[in-house]
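# Overview (structure and organization)
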Amino acid sequence: MSCLKKHFLIILLLVLCEFLFAQEEKLSDFYLIQRQYENLAENDSAALPLVEKLIRKAKLEKNQQQLFLGYTDARYYSGDPEIKLKYADSAIYVAKAKKNDSLISSAYLSKGVVYYFYLRKYKLALNEYLKAFEKNKRNKDPYYRNKINYHIGVVKSYIGYYGEALNDFEEAREFFEGETQKNLHPNVMFGNQRGYLNTIHQMAVCYRKLGNFKKADSLVALGLARTWKNPDHKQEHSYFLKEEGIRKFRNRDYTGATAALLSSTQRLSEINDFAWLTVSYSYLGRCKWALGNTEDAIKYFEKIDSIFVKHSFVLPEVRHIYEDLINYYGNRGNNAKTLYYTTQLLKVDNVLEKDFVYLSAKIHKEYDADKLLQKQRQLQQSSWIKIGAYMIGFFLIIFCSFYLMLRIKSRKSVRGLNSILGIKLAGGTLNTSEEGVFRMRTYKRTGIGGNIVDDILSKLEEFESKKEFLDKTVRLKSLAKRFGVNQNYLSEIIQEHRGANFHLYLCELRIAYITEKLNTDPKYLQYSSASLAEECGISSRTNFSKVFRTINGINFTQYVDKRRSEVSAAAS
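### Concerning the nonpolar core
Y122, F463, L490, L518 and F544 are the most contacted members of the largest nonpolar core, which has 145 residues in total. Top element by residues in this core is helix α5 (residues 101–118). It accounts for eleven residues. When near neighbours in sequence (up to four residues on either side) are disregarded, F463 contacts E468, F469, V474, L479, R482, F483, Y505, L506 and L509.

What follows is the structure, given as structure tokens:
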């Protein structure tokens, strides 16, 4: 019998080994296919026949995980944005079939990236980002959470919410930088390095827009050092070259700026990043203009319009070139060109205005508010834990005091504010009412102690009454530091008690101030929107006009015309 058992065990082991080797061989078939194309560059369609082979194999074997990876790879290597979208939709379908929130989130995010980077359709991109955000809430994958933060930050930056965008970018930068310090697989490391570099580029743009050139220039120098002569990051290097060219232009080094900007346009053209290409063109044109070569400047400006005609997309920071084109052709008596660029400017403003209203409302309603609710729930949970700890401490104090009273009969209890049976409580966390009943004061919705809320609300009232919001350098971080409170607390208190996030809160105060001036002081009706933007602390005339219309529900020019008519009627 023992001999038969040994033979049986040997046969069983052989069968198991054969099964395991067969499984390993089956898995390795996918790996062997992937190895043949994994080192090809993004958008290299030469990889697609191999990827399609992998997809067919995954379908045949009903291997959904490999099928999802196949569609993801196909999206990555396809050079046609429309085909990328089809593969992205297929990946979403498979992820939903697997009922895997992590895969669903990454699939939505990938589709959003196609809309953003290749088509610059911000509205469609944001819709996909928000779906990714929703699906990642339960899974809480830090990599995808920070990728979402980055892309939402990009949208905020596009519509001029630079301060809020920086909050999202800072969180993403901290994560990606931390990941680059780890010993990770080369492909994973590349993704994190790229995430880090793109994040500091976007931060540099925001700081430049906010006029904090010291921080912007520091990040650009860091980015150039990290990407210089690095073949894996030519794309990122071109972004930092663009910003370096802008820095040199600002310092009136027009020759140096031109060299840097021309270098950036070469790579930006190769990857068809037409959005940042327009920025490089705008500064190249300004360099030529400053050097007295007006005709070449106009050629660069007209290239920007060609991109707008082709893609129906424009960044707010290049809008000014249309005014330059209108003035240039108007001064030369070219009525046809003047009329054309006037029409184009109206189209540009229409696109920017629609994007601002839609994206702003969508972000604040479905992203910022949701993030605040999550943070609020976390704070509430923390608050309940603290309350439990206080209760335990309270009963321990009662027990110890009762024990002491039994042992020291002569001891008398002392009652008073912040005192329990003669034991002094530091910090004044617990208060007694006149009846001697202990209570803790909290604000349920924010989970922040009532004393903190009252103090901050008092400081906000002073901030508003002194009209300190007119200072364009006011930031959430600096104001929180001045108030002596955590900036997350300040943000939540403003959201709860002023009904808006910090950026919108400032905008409403500033526009309310200007609106009051327009209603009460006729001289303000003679000022331009640029002057009024400067007066109330809004970064640019374009942003001022957008915010004015969003808050007041009427175009700034129409409002001023209406007020002038009312003033004239009253005078007569």
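Moving on, there is more to tell.
### Quick word on unusual backbone geometry
A positive phi angle is found at R120, which is not glycine, with a value near 55°. Tracing the backbone shows R120 in the loop between α5 and α6 (122–139). A positive phi is found at K467, a non-glycine position, where the angle reads about 55°. For K467, the position within the fold is in the loop between α17 (450–465) and α18 (476–483). For K467, a relative accessible area of 37% translates into the label partly exposed.

### What to know about helix α14 (residues 294–311)
Taking 1.5 Å of rise per residue, the 18 residues of α14 would be expected to cover 26 Å, and the 26 Å separating its terminal C-alpha atoms lies within 8% of that figure. Within α14, burial applies to A297, I298, Y300, F301, I304, D305, I307 and F308. Two residues or fewer after α14 comes S312, characterised by a positive phi angle close to 50°.

### Details of the side chain of E244
Looking at the secondary structure, you find E244 in helix α11 (residues 234–250). When residues no more than four places from it in sequence are discounted, the contact partners of E244 are V220 and L224.

### Observations concerning the packing of aromatic side chains
Think of a pair of aromatic rings as described by two things: how far the centres are apart, and how the planes are tilted against each other in angle. A complete count under the given rule lists 31 aromatic pairs for this structure. Summarising the aromatic geometry, the rings of F175 and F176 are spaced 5.4 Å apart at their centres and angled 65° between planes, so their arrangement reads as edge-to-face. When sorted by exposure, F175 lands in the same class as F176, which is buried. When the ring of F469 is compared with that of Y513, the centres are 6.4 Å apart and the planes differ by 75°; the resulting orientation is edge-to-face. With a gap of 44 residues between them, F469 in the loop between α17 and α18 and Y513 in helix α20 (residues 502–520) connect regions that are remote in the sequence. Grouping residues by exposure puts F469 and Y513 together as buried. Among the aromatic residues, ring-to-ring pairing joins W289, F301, F308, Y322, Y328, Y329, Y340 and Y341 into one connected group.

What counts, and where the lines are drawn
- Residues numbered from 1 in each chain as written.
- Predicted model: local features only at pLDDT ≥ 70, side-chain atom pairs only at ≥ 80, totals over all residues.
- Heavy atoms only, no water.
- Core = buried A, V, L, I, M, F, W, Y, C linked by side-chain atoms within 4.5 Å.
- Buried < 20%, exposed > 50% of the residue type's maximum accessible area, 1.4 Å probe, protein only.
- Helix = DSSP H or I, 4+ residues; strand = E, 2+ residues; numbered from the N terminus.
- Contact = heavy atoms within 4.5 Å.
- Expected span 1.5 Å × (residues − 1).
- Phe/Tyr/Trp six-rings, centres within 6.5 Å; stacked < 30°, edge-to-face > 60°.

Coordinates in, geometry out; function isn't part of it.
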